[in-house]
Amino acid sequence: MLISHLILATETGPRTFPDGVPSIFQLQDQIEAAWDHGYNSRGRDETGGIRGTRKFIGTQEVRVTAEDCLQRPRANRAQAQALFSYLKVNCSALRYQDSREISAVDQVFDAIESYYQCSLTKPEDARNKVQCTMLAPIYFQRPGHSLTVIGLQKTMHNERHLLVFNPGHRYKDTPPSLPQRQRPDVLEPYRLRAESLRKYSEFELL
C-alpha cells in the first residue's frame, strides 16, 4: 500500500518502480541493492541474504535509534530501514508503549488523529463531515500483524475508529441488486476499534 502511494503520488515512485507495484522478488532485489550501497548492511549479516527466499521482509521502518536497535534487534527492521533509506523516502518511524499516564492504544489514536488534522488548512474543512487528503497511508504494526491505516472516523459520541486495509481480512462486494435499506454499513469491514487493541501494550507507526 505504501509503495502504491509512492508510485501514484510522488516523484520517487515512478522512477524507482516504472512497471508499477513490484513483486516480492523485485523488493528483495531493491533491499539487496540497498545493502550493497551500505544502507544498514548489517541486515544481510542477520538474515544471510533474502534474494530468492521466502524470508519475511518485515515492518517498514526507516529511522531507528541506536538504543531501539539494541533493545529489540530485528532482521526485518534492518531490511525495511535499508530499503526506504536507499529510496530517499522522507518519513518518521514511531514506537508507542503503555505508560502509567496513557495506554499505547490511546497514544496511537492521538498520533493518527493529529496526523490527519494537520491537513486541515481552512476553517471550513473542520466543519465537513468527510475530509479527503493527499496524505500518505500509515503503516501500523501491532504484535504479530501489520495493517495500513487509510483514515480515521470520529462519531457523534466522540468515539474514534481507524479505517484500515487488513491483509488478513477477506473483503466482499455488496451485491448491486440488494435494496439500499438492506445493505450493510460499507465502512464496517474497514473499522478498527480501540477495544480490539487493548490487549497489546506496544505498537509502531510509519
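Here, the structure is the one placed above.
I will try to describe carefully the structure that is included in this document. (Residues numbered from 1 in each chain as written. Predicted model: local features only at pLDDT ≥ 70, side-chain atom pairs only at ≥ 80, totals over all residues. Heavy atoms only, no water.)

### Considerations on the overall build of the chain
Where we set the bar: A helix here means a DSSP run of H or I that spans at least four residues, while a strand means a run of E at least two residues long, and both kinds are numbered starting from the N terminus. Working definition: with a 1.4 Å probe on protein chains only, accessible area under 20% of the residue-type maximum means buried, over 50% means exposed, and in between means partly exposed.
The secondary structure content of the chain amounts to seven helices and six strands. Buried positions account for 38% of the 206 residues belonging to the chain.

### Comments concerning the packing of aromatic side chains
Short version of the rule: Only rings of Phe, Tyr and Trp enter the pairing, Trp through its six-membered ring, and a pair is recorded when the two centres are within 6.5 Å. The plane angle decides the type: under 30 degrees is stacked, over 60 is edge-to-face, the rest tilted.
Enumeration according to the criterion identifies five aromatic pairs in this entry. With a centroid separation of 5.9 Å and 75 degrees between ring planes, the pair formed by F165 and Y190 is classed as edge-to-face. Taken together, the residues F165 in strand β4 (residues 160–165) and Y190 in the loop between β4 and β5 (191–193) connect sequence positions 25 residues apart. Given the relative accessible area of 32%, F165 is considered partly exposed.

### A short note on the pattern of salt bridges
What counts, and what does not: In the sections that follow, a salt bridge refers to a side-chain nitrogen of Lys or Arg positioned within 4 Å of a carboxyl oxygen of Asp or Glu.
Applying the stated criterion across every chain yields a total of 10 salt bridges. The partner of D36 in a salt bridge is R44, and the shortest N-O contact between them spans 2.9 Å. Owing to a relative accessible area of 55%, D36 belongs among the exposed residues under this scheme. Close ionic contact of E188 with R193 constitutes a salt bridge, the shortest N to O distance being 3.0 Å. Salt bridges sharing partners connect three or more residues here, namely D110, E113, K154 and R160.

### What about helix α3 (residues 24–36)?
To be explicit about the condition: A helix's residues, less one, multiplied by 1.5 Å, set its expected span.
With 13 residues, α3 should cover 18 Å at 1.5 Å per step; its first-to-last C-alpha distance of 18 Å lies within 8% of that length. All of the buried residues along α3 are L27, Q28, Q30, I31, E32, A33, A34 and W35. Note on α3: the residue one or two positions beyond its end, G38, has a positive phi of about 90 degrees.

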